[in-house]
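Spelled out, the chains give:
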Amino acid sequence: MSIELRHFRCFLAIAETLNITRAAARLHLTQPAVSRTLRQLEQGLGVRLVDRSTHHLALTPDGIAFRDRAALAVTAFDRALAHPHDTSRPLRLGHAWSAAGAQTPALLRRWHEAYPETPLELLRIDDRTAGLARGDVDAALLRGEVRTPGLRTEQLTTEPRVAGLPADDPLARRRTLTLTDLADRTLALNTVSGTTTLDLWPPEARPATTLPIGNTDDWIATITAGRAVGVTTSATPGMHPHPALTYIPLTDAPPVPVLLAWREGPGHPRIPDLVRLAREVLSCGS
């Protein structure tokens, strides 16, 4: 059996979601088709890429190593098909949540005023690089550290962290909180694109239980249902307000860097313009 680009894209969707159902939805395929494609890839490579021995999928060491190579291969393929000097094609800007925060409308308006011949398309894609590594977007607004090979980044600003609590939670009446105030609660963790991990807490004061979720919508639903609390950045309240959710500043949590990322090598010709404008807009709002 010959390995094709579709095998790479399928594996990357599985690697990013760690869930066959979500990978199938992202690829617009059936779950059996995704499982079959993964088996074909593993057979073709002669290695096991995904551990299916538990209820939660996990990449094997070979899978982790292959993920980075597969991402680079797909990115190179997509770049080869792009038209390097065509400024009329849309510039696709990915984000996993909150985009540019409160400055999102200003960024979109300023772009349209400066470059009306190049549409700027804002796309929410729920993975760590907001679709950038797999070639779904030309650039992405990301938060936290980015380690994906083949990407260039520029830090635009930082955002303070806030706690997300059910509006009727006793802590929701406080003006500020500390991380240890949340230590006895169940913590909702966005394991796909979030910036919060248990390493944020001191080892002796970490939340005892966590609830993994896959996107911001599920994060909000979990908290408003009273099942957990969460930690996010100050951009989330403005982009995702909810009457049953209260956001409280955290006084002892480090801020989160906000980055603009794009792929190394030839890309959309307007990326340098986007970098300059995003830096200007976000620095004005910080």
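Everything that follows concerns the structure shown earlier in this document.
Computed from a predicted structure; not experimentally measured. (Residues numbered from 1 in each chain as written. Predicted model: local features only at pLDDT ≥ 70, side-chain atom pairs only at ≥ 80, totals over all residues. Heavy atoms only, no water.)

## With respect to the sheet that holds strand 10 (residues 230-233)
By definition, the strands of a sheet pair up through backbone hydrogen bonds, in either a parallel or an antiparallel sense. Taken together, three strands build an open sheet; the order of strands is 10-7-11 and the sheet is antiparallel. Looking at the sheet topology across the chains shown, the edges are occupied by strand 10 and strand 11 (245-249). Taking the axes of each pair of neighbouring strands and ignoring which way they run, one obtains an average angle of 35° across the sheet. Judged from the five bridges that link them, strand 7 (residues 161-166) and strand 11 form a sheet pairing that is antiparallel. Note that in strand 11 the partner of Ala163 across the bridge is Ile248. Sheet contacts for helix 6 (residues 216-224): strand 7, strand 10 and strand 11; angle to strand 11, the most-contacted strand, approximately 100°. (Pairing = 2+ DSSP bridges. Helix = DSSP H or I, 4+ residues; strand = E, 2+ residues; numbered from the N terminus. Axes fitted to C-alpha atoms, helices over the stretch in contact; angles between N-to-C directions. Contact = heavy atoms within 4.5 Å.)

## Focus on the packing of helix 1 (residues 5-17) against helix 2 (residues 20-27)
Put simply, helix 1 and helix 2 touch, their axes get as near as 8 Å, and they point 130° apart. Considered as vectors, helix 1 and helix 2 are oriented oblique to each other. Like other packed secondary-structure pairs, helix 1 and helix 2 cross with a definite hand, here right-handed. Contacts between helix 1 and helix 2 involve Arg9, Cys10, Ala13, Ile14, Glu16 and Thr17 from the first element and Ile20, Arg22, Ala23, Arg26 and Leu27 from the second. Residues belonging to the contact of helix 1 with helix 2 are distributed by class as follows: six nonpolar, one polar and four charged. (Parallel < 35°, antiparallel > 145°, perpendicular 65-115°, else oblique. Left-handed = near helix turned anticlockwise from the far one by under 90°. Nonpolar A, V, L, I, M, F, W, Y, C, P; charged D, E, K, R; others polar.)

## Some details on the side chain of Thr232
On the secondary structure map, Thr232 appears in strand 10. Since its relative accessible area comes to 7%, Thr232 is described here as buried. Engagement of the side chain of Thr232 in a polar contact is seen with the side chain of Thr236, the distance being 2.6 Å. Excluding anything up to four places from it in sequence, Thr232 contacts Trp97, Pro160, Arg161, Val162, Trp219 and Tyr247. (Buried < 20%, exposed > 50% of the residue type's maximum accessible area, 1.4 Å probe, protein only. Polar contact = N/O pair within 3.5 Å; in protein donor to acceptor, adjacent residues only side chain to side chain.)

## Comments concerning the environment of Leu49
If you trace the backbone, Leu49 turns up in the loop between helix 3 (31-45) and strand 1 (50-51). The exposure class of Leu49 is buried, given its relative accessible area of 0%. The spatial distance from the C-alpha of Leu49 to the C-alpha of Pro119 is 39 Å, given a sequence separation of 70 residues.

## A word on the nonpolar core
One finds Phe11, Ile14, Val34, Val50 and Phe66 to be the most contacted residues of the largest nonpolar core, which totals 22 residues. Those elements giving two or more residues to this core turn out to be helix 1, helix 2, helix 3 and helix 4 (61-81). Residue contributions to this core peak at seven residues, all from helix 1. For Ile14, the residues in contact, after removing those within four places along its chain, are Asn19, Ile20, Ala23, Val34, Leu38, Val50 and Leu57. (Core = buried A, V, L, I, M, F, W, Y, C linked by side-chain atoms within 4.5 Å.)

## Observations concerning helix 2
Looking only at helix 2, the buried set comprises Ile20, Ala23 and Ala24. Projected down its long axis, helix 2 shows its buried positions confined to an angular sector of 100°, all on one face. Downstream of helix 2 by a residue or two, His28 has a phi angle that is positive, lying close to 60°. (Arc of directions from axis to C-beta.)

That's the geometry; what it means functionally is another story.
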